[in-house]
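Coordinate inspection notes
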Amino acid sequence: MSNQARPDGKTLLEIYRKAALIKQNDERIIKLMTAGKLVMPYYSPRGQEIIPSTISVFLNDDDYICTIYRGLHDMLAKGFPLGELWAELAGRVTGTCKGKGGPMHLTCPSRGMMVTTGIVGSSMPIATGLGWAAQLNGRGQVSVANFGDGAANIGAFHESLNMAALWKLPVIFVCQNNTYAEHTSMARSTRIERYSTRADSYGMPGVTVDGNDPDAMYAATAAAISRARAGEGPTLIEAMTFRFNGHLLGEAGHYMDKERLAQAKANDPLPKLRQRLLDEGVASEAELAALERDIAQQIDVAVTAAFEAPFPDVSELKRDVFAQQIA
Ligand SMILES: Cc1ncc(C[n+]2csc(CCOP(=O)(O)OP(=O)(O)O)c2C)c(N)n1
Ligand SMILES: [Mg+2]
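Residues numbered from 1 in each chain as written. Chains lettered and ligands numbered in written order. Predicted model: local features only at pLDDT ≥ 70, side-chain atom pairs only at ≥ 80, totals over all residues. Heavy atoms only, no water.

1. Points about the packing of aromatic side chains
Stated precisely, the cut-off is as follows: Each pair of aromatic rings taken from Phe, Tyr and Trp, with Trp reduced to its six-membered ring, is defined by centres within 6.5 Å and is described as stacked if the planes are under 30 degrees apart, edge-to-face if over 60, and tilted in the remaining cases. Secondary structure is summarised from DSSP: a helix means a run of H or I of at least four residues, a strand means a run of E of at least two, and numbering begins at the N terminus for each. Any residue under 20% of the maximum accessible area for its type is buried, any over 50% is exposed, and the rest in between are partly exposed; the area is computed with a 1.4 Å probe on protein chains only.
Tallied over the full model, the rule gives six aromatic pairs. Ring geometry for Phe147 versus Phe157: centroids 5.9 Å apart, planes at 65°, classification edge-to-face. In this pair, Phe147 sits in strand E3 (residues 143-148) while Phe157 sits in helix H6 (residues 155-166), placing the two residues 10 residues apart along the sequence. Overall, the relative accessible area of 1% leaves Phe147 in the buried class. Centre to centre, the rings of Tyr180 and Tyr255 are 5.4 Å apart; their planes meet at 75°, and the pair counts as edge-to-face.

2. Thoughts on the site of ligand 1
We apply this condition: Here, proximity means that at least one heavy atom of the residue falls within 4 Å of the molecule or strand. For the purposes of these results, a polar contact is taken to be a pair of N or O atoms within 3.5 Å, where, inside protein, one atom must be able to donate a hydrogen and its partner to accept one; residues adjacent in sequence count only when each atom of the pair is a side-chain atom. Surface accessibility in these figures is a Shrake-Rupley result with a 1.4 Å probe; residues are shielded only by whichever protein chains are displayed. Residues were grouped as follows: Ala, Val, Leu, Ile, Met, Phe, Trp, Tyr, Cys and Pro as nonpolar; Asp, Glu, Lys and Arg as charged; and all remaining residues, including Gly, as polar.
Around ligand 1, the structure places 15 residues, and the nearest of them are Tyr69, Arg70, Gly118, Gly150 and Tyr180. Within the side chain of Tyr69, one N or O atom sits 2.8 Å away from an oxygen atom of ligand 1. Measuring from an oxygen atom of ligand 1, one finds a backbone N or O atom of Gly150 at 2.8 Å. Coverage of ligand 1 by the protein chains reaches 72% of its 580 Å² of free accessible surface. Looking at the shell around ligand 1 residue by residue, the classes come out as seven nonpolar, five polar and three charged.

3. Observations concerning the pattern of salt bridges
We count it as follows: Whenever a carboxyl oxygen of Asp or Glu lies within 4 Å of a side-chain nitrogen of Lys or Arg, that contact is scored as a salt bridge.
For the coordinates displayed, the defined rule picks out 18 salt bridges. The salt bridge partner of Arg229 is Asp63, with a shortest N-O separation of 2.8 Å. You can see Arg229 sitting in helix H8 (residues 214-229) and its partner Asp63 sitting in the loop between helix H2 (50-55) and strand E1 (64-68), a full 166 residues away along the chain. Overall, Asp63 belongs to the buried group, its relative accessible area being 0%. Taken together, the shared-partner salt bridges in this structure form one network comprising Lys98, Lys100, Glu316, Arg319 and Asp320.

4. Overview of the layout of surface pockets
What counts is decided by this rule: Cavities and pockets are found on a 1 Å grid laid over the protein atoms alone: a cavity is a set of points where a 1.4 Å probe fits but cannot escape, a pocket is an open set with protein on both sides within 12 Å along at least five of seven lines, and a lining residue has an atom within 4 Å of such a point. Grid points are joined across faces, edges and corners, and a volume is the space filled by probe spheres set on the points.
One number sums up the size of the largest pocket: a volume of about 390 Å³. Counting only elements with at least two residues in the lining of the largest pocket, the list comes to helix H9 (258-266) and helix H10 (269-279). With four residues, the single largest contributor to the lining of the largest pocket is H10. Classifying every residue of the lining of the largest pocket by side-chain character gives six nonpolar, five polar and five charged. Lining the second largest pocket are 22 residues, with Tyr69, Val120, Ala181, Glu182 and His247 positioned closest to its centre.

5. Some points on the coordination of the magnesium ion (ligand 2)
Heads up, the condition is: For Na, K and Ca the donor cut-off is 3.2 Å, and for all other metals it is 2.8 Å, counting N, O and S atoms only; because water is absent from this set, sites may look incomplete.
Taken together, Asp149 (OD), Asn178 (OD1) and Tyr180 (O) make up the protein donors of the magnesium ion (ligand 2), found 2.1 Å from the metal. Donor residues for the magnesium ion (ligand 2) sit on one chain with the sequence pattern D-x28-N-x1-Y. The exposure class assigned to Asn178 is buried, which follows from its relative accessible area of 5%.

6. Let's talk about the pairing of strand E4 (residues 171-177)
To be explicit about the condition: Following DSSP output, two strands are said to pair if at least two bridges run between them. If you view a crossover with the strands going away from you and the path from the first strand over the helix to the second runs clockwise, you call it right-handed.
For E4, the tally of buried residues reaches seven of seven residues, placing the bulk of the element in the interior. Side-chain alternation along E4 places Val171, Phe173, Cys175 and Asn177 on one buried face and Ile172, Val174 and Gln176 on a second face that is also buried. In this sheet, E4 lies alongside E3 in parallel orientation, the contact comprising six bridges. Residue pairing in the sheet places Val144 in a bridge with Ile172 of E4. Note that the unit made of E3, H6 and E4 has a crossover that is right-handed. Pairing of E4 with strand E8 (residues 235-240) involves six bridges; the strand directions are parallel. Directly across from Phe173, in E8, lies its bridge partner Leu236.

Note that all results are geometric; they support no functional claim without further evidence.
Set out below in structure tokens:
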């Protein structure tokens, strides 16, 4: 552990800020959905927020990320503008996809957030293609593919890892292993213990880390990023985590191990990180409280503006479906 990169106080505070934003945003969505004010499919990332909060401290605006329906944490951590995010969630014209993408298709290409996809496994080939583009651009950009444990059993996983390794593409494959694919546990999906062992088959490093531990995530990401930026090729990071809600908000979660869920909630990484910031003298209670209040206010502003904005006009229905033909 001693020769591994460790986050300094300022970085830890930034990781906490991102994670606190994800948590508060999640709470606001659930509140508005249960009140019937916001209607959408919601795959809560609560419990998994340390993973992207740590990865994204290494990312620049022009680095690429691709994610899945359970990817709001990835987007928020990379810096999705809150106003445009809430407008998109609420289906309003002021969203980044003019309200026509919604929560399943969040994108913000100007900040490197290239796709949210509902097709399991499809973030990986897209991120691999973006990695190829980054290699051709030659500006040292990296491409991050976020996906779940279930997606590690899809053909696109194998094809993407093989191609990225072969061409030494600057891709970081991040398997956010919450141990369930929809209602099926990992134990019922594979004979192997660790998906990271598959990296060896394609000739790239693979590590399994505690995704809820900022130190472990930081060290794994630092190694993967420096390898990618140096033109040495991709890495597979399997980040172990657990989701606090069911697959889709509103489901009963009958298939989930109740004891493990209770344990995961008791080990919520957010209060732990908050306490660490206090213990290590990185921030005072008053400073953290102010940071959390500021996040709440930012969400208030974004929600209010979103609900005041108009829905797209019906004339927008067929626009932006196909690329415009150039004469
Ligand atoms: C190609 C494809 N097959 C099946 C589905 C249905 N489906 C939606 S989510 C999901 C589970 C994926 O689990 P995982 O990759 O572990 O991600 P998590 O939801 O746990 O974050 C499945 C099978 C789909 N959307 N796309
Ligand atoms: Mg999963």
